[in-house]
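A look at the structure
Chain residues, written in single-letter form:
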Amino acid sequence: MTRKIVTLLTDFGTLDGYVGSIKGVLKSHYPNADVVDISHEVEPFDIRGAAFSLHSYYSFFPKGTIHIVVVDPGVGSSRRPLLVRTAQHYFIGPDNGVFKFIFNREAYTAYQLDPKKINNSRSSFTFHGRDIFAPAAGKLMQGKSCEEIGTRLDERTEIPNVFYQKQSDGYLALEAVNIDRFGNIITGFSRRDMERMNKYAIDHVKVKDFSTNTLNSYYAEKNDGELMVLWNSMEFLEIAAVNASAAKILKFNRAEDRVLISIR
Amino acid sequence: MTRKIVTLLTDFGTLDGYVGSIKGVLKSHYPNADVVDISHEVEPFDIRGAAFSLHSYYSFFPKGTIHIVVVDPGVGSSRRPLLVRTAQHYFIGPDNGVFKFIFNREAYTAYQLDPKKINNSRSSFTFHGRDIFAPAAGKLMQGKSCEEIGTRLDERTEIPNVFYQKQSDGYLALEAVNIDRFGNIITGFSRRDMERMNKYAIDHVKVKDFSTNTLNSYYAEKNDGELMVLWNSMEFLEIAAVNASAAKILKFNRAEDRVLISIR
Amino acid sequence: MTRKIVTLLTDFGTLDGYVGSIKGVLKSHYPNADVVDISHEVEPFDIRGAAFSLHSYYSFFPKGTIHIVVVDPGVGSSRRPLLVRTAQHYFIGPDNGVFKFIFNREAYTAYQLDPKKINNSRSSFTFHGRDIFAPAAGKLMQGKSCEEIGTRLDERTEIPNVFYQKQSDGYLALEAVNIDRFGNIITGFSRRDMERMNKYAIDHVKVKDFSTNTLNSYYAEKNDGELMVLWNSMEFLEIAAVNASAAKILKFNRAEDRVLISIR
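No experiment lies behind these values; they were computed from the predicted model shown. Per-chain numbering applies: the sequence of each chain, read as written, is numbered from 1 onward. Chains and ligands are labelled by the order in which they are written, letters from A for the one and numbers from 1 for the other. This being a predicted model, a pLDDT of at least 70 is required before a residue's local features are given, and a value of 80 or more before pairs of side-chain atoms are given or counted; all residues contribute to the totals for chains, interfaces and linings. Excluded from the side-chain calculations are hydrogens and water; all other atoms, namely the structure's heavy atoms, are used.

In what follows, residue pairs with any heavy atoms lying within 4.5 Å of each other are defined as contacts. Residue-level contacts link 36 residues of chain C with 29 residues of chain A. Two parts placed together each lose some accessible area; with a 1.4 Å probe, that loss summed over both constitutes the buried area. Interface of chain C and chain A: buried area, both sides summed, is about 2,700 Å²; carbon and sulfur atoms make up 56% of it. Throughout this description, the term salt bridge denotes a Lys or Arg side-chain nitrogen within 4 Å of a carboxyl oxygen of Asp or Glu. The residue A:Arg181 makes a salt bridge to C:Glu41 at a minimum N-O spacing of 3.8 Å. Nitrogen and oxygen atoms within 3.5 Å of one another constitute a polar contact, given that in protein one can donate a hydrogen and the other can accept it, and given that sequence-neighbouring residues count only through two side-chain atoms. Between the two partners, chain C and chain A, sit eleven residue pairs in polar contact (both at pLDDT 80 or more). If you list the elements that add at least two residues to the side of chain C that touches chain A, you get helix 1 (18-29), strand 2 (33-39) and helix 5 (128-141) of chain C. For the side of chain C that touches chain A, the leading source of residues is helix 1 of chain C, giving eight residues. The secondary structure listing takes helices from DSSP runs of H or I that are at least 4 residues long and strands from runs of E that are at least 2 residues long, numbered from the N terminus.

If you want it as structure tokens, here you go:
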């Protein structure tokens, strides 16, 4: 029996045993499932954070990996349980935006999961992670096709990139999609986004009272506590400080503050 | 070499490397051990929380799974190191109540683990998780029988269900066994508990200043912030609020407050 | 394809998906990699804590295990990416002290990893965990030798044991290398350290206003809340309290306070 990789990203924490039960369902469907914890510490209901996190790891996994994301404020409501297939991977989770970066960057086919085709032994309405998403992954590992467990969606659930806006002064205002635990301010603006606009260089960066014309390549190019701008390892524009928290230094508030850039 | 599943639930945290050493012992005994993290973030010494968590995941794992639980305030004292066998699973941990839901719900055989039959290379007295429980699981994976590593216990360590009491006014006072990270108040009272009393419906629910005669099935039946009562996905009675914390809304204190219900 | 064990210890947290991407790289290099989470909750940049944690679990893993440690304040600077081989294990991480206990206790050969031999598809400068350390482990799993991915270091990067000093009054002043989540104060002084000095017993222990001439073997030898001194399960000298936090009782400050012992 081939090993099959399933990654798990949730906002459940581990304490309640919910994640444990999802793992049990995966192993019961397919004992050779290789379940990889990504995180269960997503802020409750933080869809944007989950979308960003998924974006940073999914592409590193081998062909055939199934990525499950359960961050789902609307569980039980009318949002659709989704299965997304790309050339390399499968994605399973709610149709609420957690896959927005996947939709932006990959050619894909989307399916609405059909609970009756996935799990007729149970009829829970409170825990889709365990009772729909995990068994759907189980069916895929057992060799079922996407068509056998879901209905292909004709319309595309394309979600526009809402992570930056053009201002009247020509600057782009970039949202921070993440402030990581080191205090780096990570924008949702990638080198690829810039190139799509036929722009190839950044002229100027302003974040609150910090401003610079140069981008750095290495953290070590600056001294401790100094701020810098760089394309990070995921090719997103990032504000960092050497061995210190850029977010703290700038008193950066993710909800209100923006990173302003001019490009050419 | 067949893969064998071992789940781990502890209150150790991951920082000290204790859990790492347990995993190392499991892999050293049986390289093909599939070690599944449930949680290591149980509140230190919270036996009740661990018992509840175990209850919510164990049954979803395939036949033959070994469940290790190490939440053990009395390590080194006279409490017994336990091995419990049910029709489907093995359970390894201290005899301090962590298995109380298993004893309530499953037919079982219990064994007192014999350290000398498990681990004669070490004689640590401070870390049973690594030096007794993990090697015991290792021996089982290697094919040893329960009888070869422990002594069958004749008396049953049955622990009564202490999670609800009948009041003089006829109401049942239910303890909250858990408040999950979303703020749902989860009682230890299951639909099965009710049916054992030959009761089949709930007439009335009171929690502090909230009171209702109806149970809901879906979170989506209510509006944001509204309270509701439902049988949750584990068939326990739960007080929830739509996209909000029921515990916060009610200022519910797990130690003092009770969910009162009348049934018929 | 044989299963190969890789352990992961980082200070990344799990939220950002960094650790997820490391796992993806490991699985992409070697699908049968058995990736074992130790912890991702090391305090940011706490090299000493990581060194101590590694020390407590590495030896329990089977021969051939690869231990990756990524706690790396100086990433991008001149510190060397390291591969260390001992009789039983491989260690991969920065040359910043995370392996100091390994260097103290094991015969080893050290190599400086050569990024160009490991990963020519990417040239990230901000994330060595994903772009150098994980692919280095991948190459080892694929069967490459240490020589094929790194350059042997002639000089030994021996780091002296700085965890205790001799005072003028003859007492040894022991640093606490860890205060675990139960509040146990764990020193970096092992029974083996003592025996190397041809000393075989402890005469007297002083920690702030607590003082004793006796060592205990079991937590249960004392009553709740009482302090005791013992060789813990890793054979380090530890100050513990029964079902209570020794660190809280003593108001022990890891940075300032020391455990004083006289030995004979």
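The rest of the description comes next.
Pairing between the strands of a sheet is mediated by backbone hydrogen bonds and can be parallel or antiparallel. All names here are of chain B. In spatial order, the strands read 2-1-3-5-4-6-7; together these seven strands make up an open sheet with mixed pairing. Taken across any chain shown, the strands that pair with only one partner, and hence form the sheet edges, are strand 2 (33-39) and strand 7 (150-152). Direction aside, the axes of adjacent strands within the sheet are offset by 25° on average. Two strands qualify as a pair provided DSSP detects at least 2 bridges between them. Taken together, the five bridges between strand 4 (residues 81-86) and strand 6 (residues 108-113) define a ladder with antiparallel strand orientation. The partner of Leu82 across the bridge, within strand 6, is Gln112. Lines fitted to the C-alpha atoms define the axes, with helices restricted to the stretch that makes contact. Angles between their N-to-C directions range from 0 to 180 degrees.

Take the relation of the copies chain C and chain A next. Mapping chain C onto chain A calls for a rotation angle of 120° and an axial translation of 0.0 Å; the resulting RMSD is 0.0 Å. Between the two chains, the operation in question is that of a three-fold axis. Counting the interface residues of chain C, we find that no more than 11% of their copies in chain A are interface residues as well, pointing to two distinct contact surfaces. A least-squares superposition brings the copies together, and it is based on the C-alpha atoms of residues with pLDDT no lower than 70 in both.

All names here are of chain A. An automatic or database domain assignment supplies the residue ranges for each domain. Under the domain assignment, chain A is made up of domain 1 (4-152) and domain 2 (164-263). For domain 1 versus domain 2, the distance between C-alpha centres works out to 32 Å. Between domain 1 and domain 2, the contact holds seven residues from the first and twelve residues from the second. Looking only at domain 1, the three residues that lose the most surface to domain 2 are Arg48, Phe52 and Arg105, adding up to 70% of its buried area. Linking domain 1 to domain 2 there are one salt bridge.

Residues and elements named next belong to chain B. Relative to each other, helix 1 (residues 18-29) and helix 5 (residues 128-141) sit at 30°, their axes nearing to 8 Å. Classified by the interaxial angle, the pair formed by helix 1 and helix 5 is roughly parallel. Note on packing geometry: the crossing formed by helix 1 with helix 5 is right-handed. Where helix 1 approaches helix 5, its residues Ser21, Ile22, Val25, Leu26 and His29 are matched on the opposing element by Gly129, Arg130, Ala134, Pro135, Ala137, Gly138, Lys139 and Met141. Roughly parallel refers to an angle under 35 degrees, roughly antiparallel to one over 145, roughly perpendicular to one between 65 and 115, and oblique to any angle outside these ranges. Left-handed is the label given to a crossing in which the near helix is rotated counterclockwise from the far helix by less than a right angle, and right-handed is the label when the rotation is clockwise.

On to the packing of aromatic side chains, then. A pair of aromatic rings is counted whenever rings of Phe, Tyr or Trp (Trp by its six-membered ring) have centres within 6.5 Å, and the orientation is called stacked for planes under 30 degrees apart, edge-to-face for over 60 and tilted otherwise. A complete count under the given rule lists 42 aromatic pairs over all chains for this structure. Geometrically, the ring pair formed by B:Phe12 and B:Tyr18 is edge-to-face, given 5.9 Å between the ring centres and 80° between the ring planes. No difference in accessibility class separates B:Phe12 from B:Tyr18, as the two residues are buried. Summarising the aromatic geometry, the rings of C:Phe103 and C:Tyr108 are spaced 4.5 Å apart at their centres and angled 40° between planes, so their arrangement reads as tilted. Each member of the pair C:Phe103 and C:Tyr108 is classed as buried. Geometrically, a charge over a ring is one whose NZ (Lys) or CZ (Arg) sits within 6 Å of the ring centre while staying within 35 degrees of the ring normal. Of note, A:Lys206 hangs over the ring of A:Tyr171, and the distance from its end group to the ring centre comes to 4.4 Å. Throughout this description, buried means an accessible area under 20% of the type-specific maximum (1.4 Å probe, protein chains only), exposed means over 50%, and partly exposed covers the range between.

The next subject is the interface of chain A and chain B. Across the boundary between the two partners, chain A contributes 36 residues, which contact 29 residues of chain B. Viewed at the interface, chain B and chain A are joined by two salt bridges. Counting the contacts that link chain A with chain B gives eleven residue pairs in polar contact (both at pLDDT 80 or more). Those elements that place two or more of their residues in the side of chain A that touches chain B are helix 1 (18-29), strand 2 (33-39) and helix 5 (128-141) of chain A. Considering each element in turn, the side of chain A that touches chain B owes the most residues, eight residues, to helix 1 of chain A. Classification used: nonpolar for Ala, Val, Leu, Ile, Met, Phe, Trp, Tyr, Cys and Pro, charged for Asp, Glu, Lys and Arg, polar for all others including Gly. Across the side of chain A that touches chain B, the residue classes tally to 13 nonpolar, 13 polar and ten charged.

All names here are of chain C. With seven of seven residues buried, strand 2 lies mostly within the body of the structure. Bridge analysis of strand 1 (residues 4-10) against strand 2 gives six bridges, and the strand direction is parallel. The residue bridging Val6 from the neighbouring strand is Val35, located in strand 2. A crossover counts as right-handed when, viewed with the strands pointing away from the observer, the path leading from the first strand over the helix to the second turns clockwise. Handedness of the crossover joining strand 1 and strand 2 through helix 1 is recorded here as right-handed.

Attention shifts here to the pairing of strand 12 (residues 202-207) of chain B. Pairing geometry for strand 12 of chain B and strand 16 (residues 259-263) of chain B, over four bridges, is antiparallel. Looking at the pairing, B:His204 lines up with B:Ser262 of strand 16 of chain B.

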